Amino acid sequence: MNRRHAFAFAKAPIPALASLMLLGSPLAAATPDAWIERHRQPLDPAGPIAMPAVFRGAQVMLLGEVHGLRHGQWLDLAMLKAVHAEAGVRRYIGEFDGAQADAFNQALDTADTSALDAVFAGWRLRGLQWANADFRAKLDQIITWNRGLPTNRRIRFVGADEVQDQAGYCRWLAPRLGALPALLARLADPAQCPAALADAGGVSAPAGIDPVTSDALAALAVEGQTRDREARIAANIRRHLQRDGGPVYGLWGLGHVVKAPVNKGAPMALVLAQQGVTVRSLAMLNINGTMMIPTAAAGGGIAWTGMAYSMDSDALVQVNGIDAFARRTQGPLTLFTLRGKATPFRHSDSLTRAGGRLAALQPFTIDASAAIDGLWADGVILSVGSPATRPLG
C-alpha cells in the first residue's frame, strides 16, 4: 500500500485487491429480508434511470465502484444524467487531480482530446485500472451529451484528488505561472519538480491569476498541510463547495465513499460528513463478475488480463450478508436502499467484513458503530455478471 493510508488503494500497485476488500465490508449477516424485498429497484444503464431518492438534498453525491469492472462505467454515465436532470448537478467531482480535470474540460470546450488522451497514456504506463477503454468511451459520450445542453446547464469536471503524476502536473502548471518566473523555471526542470510543487503550495496566488491556476495552488497548499490522501480529497471538495456551492456528483473507488471508519482510518466521505457536509453514498458490490487487472508482460512492462471477481466466494471475497441481497437481484444492476426511518441497517454489522482468500491478503473492516448518521452507505447497488473493463487499444 502507499505511504498515506492503509486503505488509499487507488495508488496501490494493484488497486483491484484493495478495492475488493473495501466492497466486502458493508452489509452484514442478519440482514432483514423484508426490508431488502421492499426497498429494491432494478436499474437499466442502457436507458435513462431516475435519481435515487437518497440523493435528494445532498451536497455531495457519491457512487463507489470496484475499479476494473465495466458496470461501474455504464452506471456512472446514467447516474450523471439523472442527477443533472433532477438535482441540477453541473460539476463532476472526480478521482483525478486538477491538471487531469483541466484536460477533460479542454475536451468539453474544444473537442480537442489530445490532452485527455495524454492523461490516459500516463495512467496506462503506470498500470492503473482506470486506464481502460470503457472509461475513455464514457468520456466521449459525456462530451457529446454535454455539447447538446444549453450553455448554462453544461457540466464541468473538477479534480479533487491529490497530485497523481508529479511530472505531468509540473508540465501543466509551469506555463500558467508567468507571474512567478522563478517558480516557473523550477517547475519546468524535471529534477526540481517535486520540491517546486511543495514550494508552490506556500505561494499566494498573484492578483489576476485565472481561477484554475489559483485552485491548483490551493490544492498544493493542502498537500503541504497533511500527508493523508483522504483528508486532502475532503479539503479539496469542501473548498469547491464553499466557492461554488452544491450539489456535486462523482464516481470514486469504493473505499473513498464509506461514511464510517475503514481499518480505523477515515475515508473522505466520512471526513466530509464529520465536517457538516451532507454526503450521500451508493456502494456497488459485485458477484460473478470479471475484473481487469495489470500483470507483468513477458518482455517487460504491463499487460492486462481478466480475473474472476465475486464477493460471495470463499475462494475470492466473501462479504458477510451479501447472499440475502443476491437472492433478490432484478437483472444485472439492482439498487437496495438502506436509508429510511425504520431501516434495520442503522449501526448494523451488515456487510462490514470481508472473508475469503483474497481478503486474507488485506483484511478490511468497516466500523459500523461509528458510521455517520448510523449508515456507512445510503444504499447498495448489486452488480451481477459485470464484464471486465477493456484495455486501451
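For the structure given in this document, a descriptive report is provided here.

What counts as what
- Residues numbered from 1 in each chain as written.
- Predicted model: local features only at pLDDT ≥ 70, side-chain atom pairs only at ≥ 80, totals over all residues.
- Heavy atoms only, no water.
- Phe/Tyr/Trp six-rings, centres within 6.5 Å; stacked < 30°, edge-to-face > 60°.
- Helix = DSSP H or I, 4+ residues; strand = E, 2+ residues; numbered from the N terminus.
- Buried < 20%, exposed > 50% of the residue type's maximum accessible area, 1.4 Å probe, protein only.
- Expected span 1.5 Å × (residues − 1).

**Things to note about the packing of aromatic side chains**
In step 1: Counted according to the given criterion, the structure contains 15 aromatic pairs.
In step 2: Centre to centre, the rings of Phe-104 and Trp-123 are 6.4 Å apart; their planes meet at 75°, and the pair counts as edge-to-face. Note that Phe-104 is positioned in helix H4 (residues 98-110) and Trp-123 in helix H5 (residues 114-125), a separation of 19 residues in sequence.
In step 3: Taking the relative accessible area as the measure of exposure, Trp-123 reaches 1% and is therefore buried.
In step 4: Taken together, a centroid distance of 5.1 Å and an interplanar angle of 85° make the contact between Phe-325 and Phe-336 edge-to-face. One end of the pair, Phe-325, is in helix H13 (residues 322-326); the other, Phe-336, is in strand S10 (residues 333-337), with 11 residues separating them in the sequence. In this structure, Phe-325 and Phe-336 share a single accessibility class: buried.
In step 5: By the ring-pair criterion, three or more aromatic residues cluster together here, those being Tyr-92, Phe-96, Phe-104, Phe-120, Trp-123, Trp-130, Phe-135, Phe-157 and Tyr-249.

**Comments concerning unusual backbone geometry**
A negative phi holds for most residues other than glycine; trans holds for most peptide bonds.
In step 1: Put simply, Gly-246 and Pro-247 share a cis peptide bond, and its omega is 5°.
In step 2: Its location among the elements puts Pro-247 in the loop between helix H11 (229-244) and strand S5 (248-253).
In step 3: With a phi angle near 70°, Lys-264 is a residue other than glycine that sits in the positive phi range.
In step 4: Position of Lys-264 among the secondary structure elements: in the loop between S5 and helix H12 (268-274).
In step 5: Taking relative accessible area as the criterion, Lys-264 reaches 84% and is therefore assigned exposed.
In step 6: If you check the backbone angles, Leu-351 has positive phi at about 50° while not being a glycine.
In step 7: Looking at where Leu-351 falls in the secondary structure, it is placed in the loop between S10 and strand S11 (354-355).

**As for helix H3 (residues 70-87)**
In an α-helix, one turn spans 3.6 residues, which is why side chains three or four residues apart end up on the same side.
In step 1: Taking 1.5 Å of rise per residue, the 18 residues of H3 would be expected to cover 26 Å, and the 26 Å separating its terminal C-alpha atoms lies within 8% of that figure.
In step 2: H3 sits mainly inside the fold: 13 of its 18 residues count as buried.
In step 3: Downstream of H3 by a residue or two, Gly-88 has a phi angle that is positive, lying close to 75°.

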